[in-house]
Amino acid sequence: YATLFKEAGLDKDPAADGDSKKKVGIFKKEWANEDCNTGAILTPWQKKIDDADHIELVDVTPGISLVMAVKDAAELDVMKKSSVLSNKVMKHGVVKRLETIIDEEKSVTHEELAAEIDAIIEDPSKIKLNVPEDQVSSCYFPIVQSGGEYDVKVSAQSSDKTLKYDIITVSLGSRYQQYCSNIARTFLIDPPKAVSNTYETLLAAQEASLKAMQPGNKIKEIYGAVVEQFRKEDREDLIKCLPKNIGFSIGVDFRDPNLLLNAKSTVTIREGMVFNLSIGLNNIELGKAAKAACNAKSAVKNLDTYALIVADMVSVTENGGEIMTKHAKRPSDISYTVNDDESEAS
């Protein structure tokens, strides 16, 4: 290792010449991971560097994250294709299957539906997509939730409880040629006006965040735009329902923890960056008036709290954020009437 040190210019103590310590860039998390740093070559090399008093270790992870966050034209093209894959799985896999379940009043657990979605991602031919199986995979096991138990984080799990016909959230992530994409939608079954109104406020917040995604702005301005939209619509009650971050940089790595869309990040937004913009609201209260406005047979009236989520892939252009997962999300696109008043009266 003396030869390696000499070739790297690390063999001499700069203090002898009055200079400061030699700086060596490392990925701090991996450097400290004993499970990763093993082997006849790597372990002694790392120990020699750790034991050298004249070497200062510098974490380069944040800097590398910024470099990787800006995608070139070839990467953007692959990410668009990955986004199309996720979009089509949602449109032709999730929505069609969900409509069949509701129409035929089938009993399916969240976990079972998630497994069906996962199988489609792994084999897109199930929805007649001509994509080689060896080029695609799931980023995570899909998340399906309903019945009052919600978690809008990407770490959430699909439970083994039966799917309820009330407010259903579905999140899925696809990987195409190693590049990740993500999409999430909320489906409203017999929703009262109060729930539909809140959902429209969520969509307006997404539009505000896209406008704030201008090159030169700070990441925290994206989060701030969502909060400001809630205030503009006199819905400050929704601010407490927001998670600490509303997305993250995405690419070969599904989630870059150094580039989260939160209220504190001072990272400058650059053209070519790609984010998973995921605006979710958790533990929204469903008041007595909203419950009373529900159809008598609606399962929504059994909820005390609910969640809403809309997640899309977004690329930063010179004009702001541009959505790459274009599956419909207007209230008329994601709302279903199962128990209407007319059929009930007859």
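See above for the structure.
Rules and cut-offs
Per-chain numbering applies: the sequence of each chain, read as written, is numbered from 1 onward. At least 70 in pLDDT is required for a residue's local features to be given in this predicted model, at least 80 for side-chain atom pairs to be given and counted, and no such filter applies to totals for whole chains, interfaces and linings, which use all residues. Only hydrogens and water are set aside; all other atoms, that is, all heavy atoms of the structure, feed into the side-chain values. Whenever a carboxyl oxygen of Asp or Glu lies within 4 Å of a side-chain nitrogen of Lys or Arg, that contact is scored as a salt bridge. In DSSP terms, a helix is any run of H or I states spanning at least four residues, a strand is any run of E spanning at least two, and both are numbered starting from the N terminus. Each residue is placed in one exposure class: buried if its accessible area under a 1.4 Å probe, protein chains only, is under 20% of its type's maximum, exposed if it is over 50%, and partly exposed if it falls in between. Strands are labelled as partners when DSSP assigns at least two bridges between them. Under this rule, positive means Lys or Arg and negative means Asp or Glu; His and the chain ends count for nothing. Any pair of residues with heavy atoms lying within 4.5 Å of one another is described as a contacting pair.

Q: Any details on the pattern of salt bridges? Residues and values, ideally.
A: This model, assessed by the stated rule, comprises 9 salt bridges. With its nearest N and O atoms 2.6 Å apart, the salt bridge here joins Lys 291 to Asp 304. Taken together, the residues Lys 291 in helix α9 (residues 288-292) and Asp 304 in the loop between α9 and β10 (305-317) connect sequence positions 13 residues apart. Overall, the relative accessible area of 23% leaves Lys 291 in the partly exposed class. Classification of Asp 304 by relative accessible area gives exposed; the value is 53%.

Q: If you had to explain the pairing of strand β7 (residues 245-249) to someone new, which residues and values would you point to?
A: Taking burial as the measure, the 5 residues of β7 include 4 buried ones, the bulk of the element. Strand direction decides the pairing type here: β7 and strand β8 (residues 256-262), joined by 3 bridges, are antiparallel. Opposite Asn 245, over in β8, you have Asn 262 as the bridge partner. Counting the residues that bridge the hairpin from β7 to β8 gives 6 residues. Pairing of β7 with strand β9 (residues 274-285), which is carried by 3 bridges, proceeds in the antiparallel orientation. Across the sheet, Ser 249 pairs through a bridge with Phe 275, a residue of β9.

Q: So what about the side chain of Asp 118? Which residues, and what values?
A: Tracing the chain through its elements places Asp 118 in helix α6 (residues 110-122). The side chain of Asp 118 sits in the buried core without any salt bridge; Arg 175 is the nearest counter-charge, 9.6 Å away. With sequence-adjacent residues up to four places away left out, Asp 118 is seen in contact with Ser 138, Tyr 140, Phe 141 and Pro 142.

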